[in-house]
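Fold and contact review
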Amino acid sequence: MGGASLEHEGAVGIITIDNPPVNAMSPGVPGAILERLAEAQADNAVEAVVLRCAGKGGLAGADIRSFGTPWPEGEPTLRDVIPAIERSAKPVIVALNGYCLGGGLELALSCHYRVASRKTEVGQPEVLLGFPPGAGGTQRLPRLAGVETALAMIVDGTYVAAEDAARSGIIDRVINGDLLEGALAFASERIAAGPPHSLARERTPVLKDPNVFAATRERLERRARGQRAPIACLECVESALTLPFDEGIRKEREIFEECMASPESAALRHVFFAERAVRKVPGIGKDTPARAVERAAIIGAGTMGRGIATCFANAGIPVGLMDSDSGALERALAAIRSDYERRVKRGRISAADAEARVKLIEPIETLEGVAGTDLVIEAVFEEMPLKEEVFRALDSACDEGAIIASNTSYLDVDHLADVVPHRRGNVLGMHFFSPAQVMRLLEVVRTDSASPETLATALALGRRLGKIAVVAGVCHGFIGNRMLEGYTRQVRFLLEEGASPSEIDAALTGFGMAMGPCAVADLAGLDVSWRKRKADAHLRDPSKRYSAVADRLCELGRFGQKTGAGYYRYESGSRAPVPDPEVDALIAEVAAENGITRRAIGADEIVQRCLYHLVNEGARVLEDGIALRASDIDIVWINGYGFPRWRGGVMHWADHVGLDAIHDTITGFNESQDYWEPAPLLGRLAAEGKSFADFDRAA
Ligand code: ZOZ
Ligand code: NAD
């Protein structure tokens, strides 16, 4: 259990908070600070107190794991420490090092003075966990930093670096050398200067832009649709202006408690830990050796190849790019260059940086050019014979021990490993999402034969590329695309049964999905899945329902945005979807051919049919061991498919709805519709009154 110690340096008492790894305010820590503070108060030799942290973990705020569980009876909380500091007649100087976040910053704001090392960053990221600061941050920060700065930090959860924090008044001094020495020197100056030692609560918040609340509210209504916490943060900061300090604190507490109890906060806290759990992979530890990737190569310079090459360049890794079609390679290089130019124009990166990154991408003419690379990613057309041929050629061209990864969306990576028998241990899937340089998700597909070193290399590389890497087993479509198939099938069925593309999209964006499935299909290109459906036609069960709606659109050349028409039509130069009566007529025609009487379908049914299907397939993915845990599926759907983070991901959301209710509904669907056989794991968990989270805990 973490605690706090007290030592003396002349007239200064030094309290060190020690609760590795991040000095969170776990039960026991606030109590220990209070005790050390009381000792320092009682000691006549102490004239000032320096509060600091042990180690490099900073001050990460409340212990997020303790939320949702009862706080031990009688154990002091952060809310007891803060008034004790404010009551202290001896000035308390907090010395910050590294991250100072959430309750950590609230503790710091209650001190008389704040000094910080140059690498310190301060922030109130509570909104990202679904609640506003709850220990006075929304009242003290505006009084120190000004309303506009505080509002932006609290509503968006953004961090501010030490120098900027000093400029805005949050930090009193940035220390260049040794932090403790600097803090002690600062304390001596304060002792010499004597009282008064002013507190944030005694100041008046300064508002420069009277329009800032209205403008922020309007921005949040667009950006944070469906969420409560960002608006709740705004309401709290607003009350720093409209209410006396203590009333503002009461209001903040009220709103904090309301938000903390919300499903939104439970979901966001779940995602926080899910993002960390995903890194834990059986058989892979800190001591598993990983190959240093100093140079890589990408085979295939199409949509994906060019995006993946850009990821490497962004991470500063030299990368070769090869395509059997020299025109395609030239087009890719031109597209990469113009993408960087756009980013320079928007002020995202400097022209020099862009130039340096472009230089890291080296066109290679033949596969022999992969010699000297540590890792090759194959991103050619999605055809097994072609990929086999490329793998065989890579077998002769690659260095001994080089890793060969496939970016395949669906194909059997175990089979690809068999194509290069003596390199089997070095083969795996690295499934990027489009656009690869933007999307955070990377599915690392673990083959039966991949060595721990190969897997560890791919996972470490994923982190270097700024991705969130999720390990998936080999199956058709891995985690995400396997689940996607049934989701889009439901969309086609719903269209035939009476819903329009815009009704389906509105229902799912209303739920919180970043985009509706029809708009997504138009963006990605309807031809891609059409080709796949045609190639897999022989695998289809002819006794089951099939909707030809999307095929018929493709037969008309409606491939989506790139042809100006798909599920919607698009005015030239515009990406805004416009409902198209031609599509309505086509759908009605297909429905009539299949003998379907169309009806009005409400948003609830659309959401249920699409999302319960995801849950059911997710349960199968879990039971088959394709995903290591339900929370990994959540990470895949949030980062790869636009599932709302604030709903916690598909499986967490299912737990919230209740697996028994979902199982009952699916069982009902199964009586009259194809593809609804309940997944055995879903049935079992529902019968036992358990959740997917219980399944994860037991694993
Ligand atoms: O870990 C990064 C981070 O961002 N942490 C969360 C910071 C945050 O959101 N703080 C605000 C918390 S809410 C709050 O503070 C409200 C509050 O006080 C209200 C008070 C009201 C009074 C209530 C009365 C009952 C950080 C940037 C800090 C470090 O990043 P790294 O990449 O270096 O390390 P991670 O993220 O891998 O973390 C290392 C291990 O520490 C665990 N952890 C981090 N922050 C935690 C935490 N555990 C509990 N609480 C936290 N705040 C993290 O899970 C990881 O653990 P393992 O087991 O995965 O290694
Ligand atoms: P694409 O058609 O845009 O590009 C494929 C490129 O491979 C073409 O430029 C082609 O000339 C080149 N190529 C073909 N044979 C080659 C060979 N023998 N040697 C070198 N180059 C060759 O395809 P894409 O969309 O980039 O998809 C590539 C792979 O990535 C596929 O396996 C696909 O399933 C997967 N993927 C695609 C997406 C997506 O959204 N497009 C997303 C994730 C994964």
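What comes next concerns the included structure.

Conventions adopted
- Residues numbered from 1 in each chain as written.
- Chains lettered and ligands numbered in written order.
- Predicted model: local features only at pLDDT ≥ 70, side-chain atom pairs only at ≥ 80, totals over all residues.
- Heavy atoms only, no water.
- Patch = residues over 30% accessible without salt bridge, like charges linked within 9 Å, V, L, I, M, F, W, Y side chains within 5 Å.
- Areas by Shrake-Rupley, 256 points an atom, 1.4 Å probe, with all protein chains shown as cover.
- Salt bridge = Lys/Arg side-chain N within 4 Å of Asp/Glu carboxyl O.
- Lys, Arg positive; Asp, Glu negative; His and termini not counted.
- Charge placed at Lys NZ, Arg CZ, Asp CG, Glu CD.
- Helix = DSSP H or I, 4+ residues; strand = E, 2+ residues; numbered from the N terminus.
- Buried < 20%, exposed > 50% of the residue type's maximum accessible area, 1.4 Å probe, protein only.
- Axes fitted to C-alpha atoms, helices over the stretch in contact; angles between N-to-C directions.
- Parallel < 35°, antiparallel > 145°, perpendicular 65-115°, else oblique.
- Left-handed = near helix turned anticlockwise from the far one by under 90°.
- Contact = heavy atoms within 4.5 Å.
- Nonpolar A, V, L, I, M, F, W, Y, C, P; charged D, E, K, R; others polar.
- Near = heavy atom within 4 Å.
- Polar contact = N/O pair within 3.5 Å; in protein donor to acceptor, adjacent residues only side chain to side chain.

Attention now moves to a positive patch on the surface. A contiguous patch of positive charge on the surface is contributed by Arg 65, Arg 279, Lys 280, Lys 286 and Arg 463. On the secondary structure map, Arg 279 appears in the loop between α11 (263-277) and β10 (296-299). Looking at Arg 279, the relative accessible area reads 52%, which means it is exposed.

With that settled, consider the packing of helix α3 (residues 103-110) against helix α4 (residues 137-145). One can describe the packing of α3 onto α4 by two numbers: an axis separation of 10 Å at closest approach and a directional angle of 55°. What the angle tells us is that α3 and α4 run oblique. Where α3 crosses over α4, the two elements pack in a sense that is left-handed. Only Gly 137, Arg 140, Leu 141 and Leu 144 of α4 make contact with α3, whose side of the interface consists of Glu 106, Leu 109 and Ser 110. Along the lines of polarity and charge, the residues of the contact of α3 with α4 split into 3 nonpolar, 2 polar and 2 charged.

A separate point is a nonpolar patch on the surface. Taken together, the side chains of Met 515, Val 520 and Leu 523 present a nonpolar region at the surface, about 230 Å² in accessible area. In this structure, Val 520 sits in helix α20 (residues 517-524). According to the relative accessible area criterion, Val 520 is partly exposed, its value standing at 37%.

If you walk through the whole model with that rule in mind, you get 50 salt bridges. Glu 362 is the partner of Arg 295 in a salt bridge, and the nearest nitrogen-oxygen pair spans 3.0 Å. Linking Arg 295 in the loop between α11 and β10 with Glu 362 in strand β12 (residues 361-364), this pair joins segments that are 67 residues apart in sequence. You can call Glu 362 partly exposed: its relative accessible area is 37%. Ionic pairing is found between Arg 423 and Asp 395, a salt bridge with its closest N-O pair at 2.8 Å.

Viewed as axis vectors pointing N to C, helix α2 (residues 78-87) and α3 meet at an angle of 20°, and their least axial separation amounts to 9 Å. In terms of axis orientation, α2 runs roughly parallel to α3. Considering how the two elements wind past one another, α2 and α3 form a crossing that is right-handed. Contacts from Leu 78, Val 81, Ile 82, Ile 85 and Glu 86 in α2 reach Gly 103, Glu 106, Leu 107 and Ser 110 in α3. Of the residues contributing to the contact of α2 with α3, the split by class is 5 nonpolar, 2 polar and 2 charged.

This part is about the site of ligand 2. Around ligand 2, the surrounding shell holds 23 residues, and the nearest of these are Met 304, Asp 323, Glu 382, Lys 387 and Ser 409. Between ligand 2 and the protein, one listed contact pairs an oxygen atom with a backbone N or O atom of Thr 303 at 3.0 Å. For ligand 2, an oxygen atom lies 2.5 Å from a polar atom in the side chain of Glu 382. Elements represented by at least two residues in the shell around ligand 2 include exactly α12 (303-314), α15 (384-397) and β15 (427-432). A per-element tally of the shell around ligand 2 places α15 first, with 3 residues. Looking at the shell around ligand 2 residue by residue, the classes come out as 10 nonpolar, 9 polar and 4 charged.

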